[in-house]
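# Commentary on secondary and tertiary structure
Residue strings, one per chain:
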Amino acid sequence: MDLEPTPGRLEIHKTPTSKQLPALQSLKFGHNFTDHMLVIPWGSSKGWGTPEIKPYGPLSLEPSATVFHYAQCLFEGLKAYRNKAGKVTLFRPDLNMARMNLSAQRLALPTFNGGALLDLIKELIRLDRHWIPQEKGHSLYIRPVMIGTQNTIGISPPDSALLFVICSPVGPYYPDGFKPVALHGTTEYVRAHPGGTGGYKIGANYAPGVFPQKHAGQLGYVQNLWLTGPEHSLTEVGTMNLFVVFRQNDGSLELVTPPLDGTILPGVTRDSVLSLARSHADGTLHIPKLTTKLTVSERGVTMKEVCEAVQSGRLVEMFGAGTAAIVSPINKIGYQGQDVDIPVEEDGMGPVSRPLWTELVGRQTGEIESDWSVVVYDEQTGHIPPKTADLIIRDISTWRRYRDINRHRIYDTRGSIRKIIF
């Protein structure tokens, strides 16, 4: 493990002039940014430098910086919420820190103490907490990024890097209610391949998907359904994880998502959906309006199985899951020149996605008490929680072993923050 971005050395330089808060009705995802950002440099000789919170502004990089030439870039996405009482919370940030470390290792970028970085992010959020909208469906989107900054051209682990965090207030993904999306079953392009980087949140995974999405739009579809292999196995929906619900012969339902085989991103929302559904199915949790006759599976799904289920009436619903949209219903798949209609109910959702979405959003916003909700600041009491470093599994090799033992599942599917010290 490389040197830690130590919170005790944090320098804070506040902006002399705060920006005007944007009107809520004008918020567009990723268009507005808060007053400050967190910046932490790294060098191969000295390790992590002094963390600094400073006014949001441009970065100064050499044209030869390796991020521009070899895509040495990774990022994360998580959200902070502020309720009517002024309590500010994060949703399962330990998983984002763990995944970011795995991505860093895959790109030969420096790893870090996830708990230490999370404490620094909390300081940034506390400083800019007035940017977090309190209205329903709104939040503060937090984007940690790490890039290689070595200023000489050459393919090698960089001798310098920069970790920075920016924040953006966002509104509800579907402000006027859920709108199911139509997908293009994409076989002419490949998002990921076994042994590649599909299971990591790195910039190089996203740019190649822009042209296929543009092509899908020209065909009249909103997004890509990434299909792979000779059997056209389903993998992901655009940049989201995928879920399919089948009705079994006995009337019970099966919630299915493709397994984490190295080509699928281990999404935090994906893990949360699986954890809630499994806990409900085994009786340790009750989710209102969700059937108890439910099986949860991580297995492969092919377009042949989907088409046959549609024809026989056994396909109940399909939806994507991710940080931005949380749940995104699907109503159509364009496949081999024909449209395959996917069932949706009147509100655009389905009998499994709706109660899971309600439970998940309740936990994210704090309306439903959960240890997934990590307190950052309480405006009523002024209470600042203790440092969180000890709540995070800090050793990257331990995360690696845990992931390998659990067949690429790096997260505890029961959903608790594990208080493990190594």
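As the structure is a computational prediction, the values presented were derived from the model and not from experiment.

## Remarks on the overall build of the protein
- Along its length, the protein carries eight helices and 19 strands.
- Here the C-alpha radius of gyration of the protein, 21 Å, is about what a compact globule of 422 residues would show, namely 22 Å.
- Viewed in the frame of its principal axes, the protein has a C-alpha envelope of about 60 × 55 × 45 Å.
- Residue burial in the protein is summarised as follows: out of 422 residues, 55% are buried.
- Expressed as a percentage of contacts within the protein between residues at least 6 apart in sequence, the contacts between residues at least 24 apart total 72%.
- For the protein, the exposed surface amounts to about 18800 Å²; the carbon and sulfur share of it is 52%.
- The average position of the 43 basic charges and that of the 41 acidic charges among the side chains of the protein differ by 1 Å.

## Things to note about the confidence of the model for the protein
- Looking at the protein, pLDDT values average 90 and 90% of them are 70 or higher.
- Overall, residues 390–422 carries pLDDT values under 50, and its contacts beyond four positions in sequence, including any with other chains, amount to 79 contacts.

## Side note on the packing of helix α2 (residues 93–106) against helix α3 (residues 114–127)
- Taken N-terminus to C-terminus, the directions of α2 and α3 make an angle of 125°; their axes are 9 Å apart at the nearest point. Classed by the angle they form, the pair α2 and α3 counts as oblique. Between α2 and α3 the crossing geometry is right-handed. Contacts from Pro93, Met97, Met100 and Asn101 in α2 reach Gly114, Leu117, Leu118 and Ile121 in α3.
- Taken together, the residues that form the contact of α2 with α3 break down as six nonpolar, two polar and no charged.

## Considerations on the packing of aromatic side chains
- Applying the stated criterion to the full structure yields six aromatic pairs.
- Taken together, a centroid distance of 5.3 Å and an interplanar angle of 5° make the contact between Phe33 and Tyr56 stacked. Pair noted here: Phe33 is in the loop between β1 (11–12) and β2 (36–43) and Tyr56 is in the loop between β4 (52–55) and α1 (66–70), with a separation of 23 residues, a long-range link.
- Ring centres 5.7 Å apart and planes at 90° place the aromatic pair Phe91 and Trp372 in the edge-to-face group. Taken together, the residues Phe91 in strand β7 (residues 87–91) and Trp372 in the loop between α7 (353–365) and β19 (373–378) connect sequence positions 281 residues apart. The same class applies to Phe91 and to Trp372, which are both buried.
- One residue, Arg92, lies across the ring of Trp372, its end atom 4.1 Å from the ring centre.
- Lying over the aromatic face of Trp372, Arg363 brings its terminal NZ or CZ to 4.9 Å of the ring centre.

## Re the state of the cysteines
- Per the counting criterion, the structure on display carries zero disulfides.
- With no disulfide of its own, Cys73 lies 17 Å from the sulfur of Cys167, the closest cysteine sulfur.
- Look at Cys167 and you get buried, because its relative accessible area is 1%.

## As for the pairing of strand β10 (residues 181–186)
- β10 sits mainly inside the fold: six of its six residues count as buried.
- Going residue by residue along β10, you find Val181, Leu183 and Gly185 tucked away on one face and Ala182, His184 and Thr186 tucked away on the opposite face as well.
- Both β10 and strand β11 (residues 223–228) contribute to a ladder of four bridges, which runs parallel. Within the sheet, the bridge partner assigned to His184 lies in β11 and is Asn224.

## Looking at the packing of helix α5 (residues 268–281) against α7
- Viewed as axis vectors pointing N to C, α5 and α7 meet at an angle of 115°, and their least axial separation amounts to 10 Å. Looking at the two axes, α5 sits roughly perpendicular to α7. Pair α5 / α7 crosses with right-handed handedness. Every residue of α7 that contacts α5 at Thr269, Ser272, Val273, Leu276 and Ala277 is listed here: Leu356, Glu359, Leu360 and Arg363.
- In terms of residue class, the contact of α5 with α7 is built from five nonpolar, two polar and two charged.

## Focus on the side chain of Gln364
- The topology assignment puts Gln364 in helix α7.
- The exposure class assigned to Gln364 is buried, which follows from its relative accessible area of 5%.
- Here Tyr81 takes part through its side chain, which lies 3.3 Å from a polar atom of the side chain of Gln364.
- When neighbours within four sequence positions are excluded, Gln364 is seen to be in contact with Tyr81, Thr89, Phe91 and Ile326.

## Let's talk about unusual backbone geometry
- For His232, which is not glycine, the phi dihedral falls at a positive 55°.
- By secondary structure assignment, the location of His232 is in the loop between β11 and β12 (233–237).
- Residue classification places His232 among the buried positions, given a relative accessible area of 17%.
- Positioned with a positive phi, Gln336 is a non-glycine residue whose angle comes to about 50°.
- The topology assignment puts Gln336 in the loop between β17 (326–335) and β18 (338–341).

Parameters at a glance
- Residues numbered from 1 in each chain as written.
- Predicted model: local features only at pLDDT ≥ 70, side-chain atom pairs only at ≥ 80, totals over all residues.
- Heavy atoms only, no water.
- Helix = DSSP H or I, 4+ residues; strand = E, 2+ residues; numbered from the N terminus.
- Rg over C-alpha atoms; globule rule 2.2 N^0.38 Å.
- Buried < 20%, exposed > 50% of the residue type's maximum accessible area, 1.4 Å probe, protein only.
- Contact = heavy atoms within 4.5 Å.
- Areas by Shrake-Rupley, 256 points an atom, 1.4 Å probe, with all protein chains shown as cover.
- Lys, Arg positive; Asp, Glu negative; His and termini not counted.
- Charge placed at Lys NZ, Arg CZ, Asp CG, Glu CD.
- pLDDT = per-residue confidence, 0-100.
- Axes fitted to C-alpha atoms, helices over the stretch in contact; angles between N-to-C directions.
- Parallel < 35°, antiparallel > 145°, perpendicular 65-115°, else oblique.
- Left-handed = near helix turned anticlockwise from the far one by under 90°.
- Nonpolar A, V, L, I, M, F, W, Y, C, P; charged D, E, K, R; others polar.
- Phe/Tyr/Trp six-rings, centres within 6.5 Å; stacked < 30°, edge-to-face > 60°.
- Lys NZ or Arg CZ within 6 Å of the ring centre and 35° of its normal.
- Disulfide = S-S within 2.5 Å.
- Pairing = 2+ DSSP bridges.
- Polar contact = N/O pair within 3.5 Å; in protein donor to acceptor, adjacent residues only side chain to side chain.

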